[in-house]
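So you can see what is in the structure, the chains are spelled out below.
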There are 4 protein chains.
Amino acid sequence: MARRRPVLVVIGQSGQLLPEVERAAETLGRLAIDAGFRVATGGMDGAMAAVSRGARSSESWQEGDVVGVLPGRSHDDANEWVDVAIPTGFGMARNFVLVSMADVVVAVAGGSGTLSEMAAAWQLGRPLIALVSTGGWAKELGGRAIDSRQERVLTATTPEEAIFQAREIVGMI
Amino acid sequence: MARRRPVLVVIGQSGQLLPEVERAAETLGRLAIDAGFRVATGGMDGAMAAVSRGARSSESWQEGDVVGVLPGRSHDDANEWVDVAIPTGFGMARNFVLVSMADVVVAVAGGSGTLSEMAAAWQLGRPLIALVSTGGWAKELGGRAIDSRQERVLTATTPEEAIFQAREIVGMI
Amino acid sequence: MARRRPVLVVIGQSGQLLPEVERAAETLGRLAIDAGFRVATGGMDGAMAAVSRGARSSESWQEGDVVGVLPGRSHDDANEWVDVAIPTGFGMARNFVLVSMADVVVAVAGGSGTLSEMAAAWQLGRPLIALVSTGGWAKELGGRAIDSRQERVLTATTPEEAIFQAREIVGMI
Amino acid sequence: MARRRPVLVVIGQSGQLLPEVERAAETLGRLAIDAGFRVATGGMDGAMAAVSRGARSSESWQEGDVVGVLPGRSHDDANEWVDVAIPTGFGMARNFVLVSMADVVVAVAGGSGTLSEMAAAWQLGRPLIALVSTGGWAKELGGRAIDSRQERVLTATTPEEAIFQAREIVGMI
């Protein structure tokens, strides 16, 4: 049997995005699908929506490739580009479910929600790449250790670079 | 945009199954995919594995159609027919996530875990069909009300009948 | 150091109670505190409120003896007799937290929520006593096995009898 | 009826502590009980144990004053100074339960777990005081905003100062 398809989780800012952050998030989603990943986000607005929209725009996209792990209990909360909605009903604690799904996590910009997800990814030992050019907590934590563990949050400057690293991590290259 | 694909959640007994229950679970999974549903289970063994295996065997199956909402925190806990593994890390409380995903829930046989999921489906107001011919809690609760609400757990005698009802419920017929 | 104080969890119907069920729940709470248990419930109305109110009325009650494990995220959801409010934010999945706290679980009457909690108590292997005289799922499941495990849900006819059994189970007698 | 007793949640580093951090955590626990708070932590080792031990050493302590919200499913995981053990079974996601309990949160030192809890406290809008003299994420985030919200993480240099501020926040002064 073929091995399970690797999952790229993108965590990132909700709400209104700067135009260049939105473009980066969309490109990230598209390239992730191009590269053969399944893509999962928190399923709501902001970077989560931009990534999902980008994923849908890939020529390689097929229905089922875009997962949204939602805080609430209803499918209808998901943005319209989510194929597989997981309405957890766990509020912000759904972050831990989202991060647990990941073979690789990429952080885009980010406020307090993204910070909590980056910390969770670190705690659960998931490979974590910060797209530092998008600012926010991705920029602040990229390249440093989150605690005394002898590791660093990986950094990428462009979506292309992030996906290249992600492919290396899961052994696609 | 096309509306989101409806999700059929199958809840059912873990561990060793009677041969006729295993066959029913496999058929249920296959017919659900044939009919255009995404299929989700608890992702482990027993009826969860049989349904997932059946789903994979459908000619209409495409990668991404079979979801497993896992109690633990690792992808690797999923049975081998799961395409999208959701490792929640919430133990048995993942039952509520699983049931929240559903447009329709079908119960197959079932011990205490299935009982707790049937009660959860009822509490969350998800349409619930008991495949009564498989015994267990599906048989015990099929056709009756679980509390004072003026409804009953729906019943089906065969997988074909369960899928037919499920299609009616979500408006596929 | 003294061993940790045993916790009696009462699960039971929300909403309006029959007068005799309400009395039984109150008595159960009072006797549990008299006997030296800490008492925990789901913290809301119905049997949860009656048990908490009864617990407060015990002469042995001291602040901190009554715990409410809440579905929502605010202290203010707790009934007024709860000393220690645990606002989980996990909705119905808080049932698993509540049951995990228990040294002994007692079920009073009960609809679909109580049924899901009884199934959870059984799954987690917590000793489970059904106060069968209060009707509902306590009555239906009292004295029987919930699945193929070689055990039965214990039964009590009066609150006095339930507390006597609970004391035996935790080694207070 | 008296209003519910305010809850001070202390989040902080697990594992081995520096002697001065351990002393600060113990003092914080003791002063919190002296001041009339209930104290809650994650219930495990490190700062969680030091705070709980300190709380127990207060002359005002009474059984029930020290709560531990545990990641696992067993009472027995709690450190020995916890009176009320809440075994959630939710792993790291128990952080959200812990923080939801708080009227005020105080952060002591801290690695990735504490960082995720500080972010969670901010997201849930709980007043958050960083004991900056203990280093770690408490020091890094003290005095700054975690995202674009027009607020800052409060700072205290000593346990005395932290408790003074906490009392002001809940209206005890």
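Conventions adopted
- Residues numbered from 1 in each chain as written.
- Chains lettered and ligands numbered in written order.
- Predicted model: local features only at pLDDT ≥ 70, side-chain atom pairs only at ≥ 80, totals over all residues.
- Heavy atoms only, no water.
- Phe/Tyr/Trp six-rings, centres within 6.5 Å; stacked < 30°, edge-to-face > 60°.
- Helix = DSSP H or I, 4+ residues; strand = E, 2+ residues; numbered from the N terminus.
- Buried < 20%, exposed > 50% of the residue type's maximum accessible area, 1.4 Å probe, protein only.
- Least-squares fit on C-alpha atoms with pLDDT ≥ 70 in both.
- Contact = heavy atoms within 4.5 Å.
- Buried area = accessible area lost by both parts, 1.4 Å probe.
- Salt bridge = Lys/Arg side-chain N within 4 Å of Asp/Glu carboxyl O.
- Polar contact = N/O pair within 3.5 Å; in protein donor to acceptor, adjacent residues only side chain to side chain.
- Nonpolar A, V, L, I, M, F, W, Y, C, P; charged D, E, K, R; others polar.
- Pairing = 2+ DSSP bridges.
- Axes fitted to C-alpha atoms, helices over the stretch in contact; angles between N-to-C directions.
- pLDDT = per-residue confidence, 0-100.

**Here's the deal with the packing of aromatic side chains**
What the rule picks out here adds up to 8 aromatic pairs over all chains. Consider the rings of phenylalanine 90 of chain C and phenylalanine 90 of chain D, whose centres lie 4.4 Å apart with planes at 50°: the pair is tilted. Linking phenylalanine 90 of chain C in the loop between strand S4 (84-87) and helix H3 (94-100) with phenylalanine 90 of chain D in the loop between strand S4 (84-87) and helix H3 (94-100), this pair reaches from one chain into another. Given the relative accessible area of 0%, phenylalanine 90 of chain C is considered buried. Here the aromatic cluster, defined as three or more aromatic residues joined through ring pairs, consists of Phe90 of chain A, Phe90 of chain B, Phe90 of chain C together with Phe90 of chain D.

**Side note on the relation of the copies chain A and chain B**
With an RMSD of 0.0 Å, the operation that places chain A on chain B is a rotation of 180° combined with a shift of 0.0 Å along the axis. Here the two chains are linked by the operation of a two-fold rotation axis. Among all residues of chain A, the one whose C-alpha sits closest to the rotation axis is glycine 64 of chain A, at a distance of 2.4 Å. Interface residue correspondence from chain A to chain B reaches 100%, placing this contact among same-surface, isologous pairings.

**Some points on the interface of chain A and chain D**
Of the residues lining the interface, 18 residues belong to chain A; the matching set on chain D comes to 18 residues. Summed over both partners, the interface of chain A with chain D comes to about 1600 Å²; 66% of that surface belongs to carbon and sulfur atoms. Sorting the residues of chain A by area buried against chain D places Phe96, Ser112 and Gln123 of chain A first, and these three jointly supply 31% of that buried surface. The interface formed by chain A and chain D holds 2 salt bridges in total. Glutamate 140 of chain A is paired through a salt bridge with arginine 144 of chain D; the nearest N and O atoms lie 2.8 Å apart. At the junction of chain A and chain D, the tally comes to 6 residue pairs in polar contact (both at pLDDT 80 or more). Broken down by secondary-structure element, the contributors of at least two residues to the side of chain A that touches chain D are helix H3 (94-100), helix H4 (112-123) and helix H5 (136-141) of chain A. It is H4 of chain A that provides the largest number of residues to the side of chain A that touches chain D, a total of 7 residues.

**A closer look at the interface of chain A and chain B**
On the side of chain B, 32 residues touch chain A, which itself brings 32 residues to the contact. Summed over both sides, the interface of chain A with chain B buries roughly 2700 Å², with 55% coming from carbon and sulfur. Inspection of the chain A/chain B interface yields 4 salt bridges. Across the salt bridge formed by arginine 38 of chain B and glutamate 63 of chain A, the nearest N and O atoms sit 2.4 Å from each other. The tally of links from chain A across to chain B stands at 19 residue pairs in polar contact (both at pLDDT 80 or more). Looking at the side of chain A that touches chain B, the elements that each hand over two or more residues are strand S4 (84-87) and H3 of chain A. Class assignment for the residues of the side of chain A that touches chain B results in 15 nonpolar, 6 polar and 11 charged.

**Description of the side chain of threonine 41 of chain C**
Residues and elements named next belong to chain C. Along the chain, the position of threonine 41 falls in strand S2 (residues 38-41). Among the polar contacts listed, one links the side chain of threonine 41 to the backbone nitrogen of glycine 43, at a separation of 2.9 Å. Filtering out sequence-adjacent residues up to four positions away, threonine 41 remains in contact with Val10, Met48, Val51, Ser52, Val67, Gly68, Val69 and Leu98.

**As for the pattern of salt bridges**
When the charged atoms of two side chains lie near each other, side chains of opposite charge can form a pair. Under the counting rule described, the total for this entry stands at 36 salt bridges over all chains. A salt bridge links glutamate 63 of chain C to arginine 5 of chain D; the shortest N-O distance between them is 2.7 Å. With glutamate 63 of chain C in the loop between helix H2 (47-56) and strand S3 (66-70) and arginine 5 of chain D in the segment before strand S1 (7-12), this residue pair bridges two chains. In this pair, the class of glutamate 63 of chain C matches that of arginine 5 of chain D, namely buried.

**Looking at the relation of the copies chain A and chain D**
Overlaying chain A on chain D yields an RMSD of 0.0 Å, the required transformation being a rotation through 180° with an accompanying axial translation of 0.0 Å. Most of the interface of chain A is mirrored in chain D, where 100% of its interface residues again form contacts.

**Points about the sheet that holds strand S1 (residues 7-12) of chain C**
All names here are of chain C. The parallel open sheet is built from 7 strands, whose spatial order is S4-S3-S2-S1-S5-S6-S7. Whereas interior strands pair on both sides, the edge strands pair on one side only; in this sheet they are S4 and strand S7 (154-156). Within this sheet the neighbouring strands show an average axis-to-axis angle of 25°, counted without direction. Pairing geometry for S1 and S2, over 3 bridges, is parallel. Its bridge partner lying in S2, leucine 8 is registered against valine 39.

**Focus on the confidence of the model for chain A**
In this model, chain A carries a mean pLDDT of 95, and residues with pLDDT of at least 70 account for 98%. Of the two predicted TM-score estimates for the complex, the pTM is 0.96 and the ipTM is 0.95.

**Some remarks on the sheet that holds strand S3 (residues 66-70) of chain A**
Residues and elements named next belong to chain A. A sheet is described by the order of its strands in space; here 7 strands give the open sequence S4-S3-S2-S1-S5-S6-S7, paired in parallel fashion. In this open sheet, the two edge strands, each paired with only one partner strand, are S4 and strand S7 (154-156). Within this sheet the neighbouring strands show an average axis-to-axis angle of 25°, counted without direction. Contacts from H4 reach strand S1 (7-12), strand S5 (104-108) and strand S6 (128-131) within the one sheet, and its direction differs from that of S1 by about 140°.

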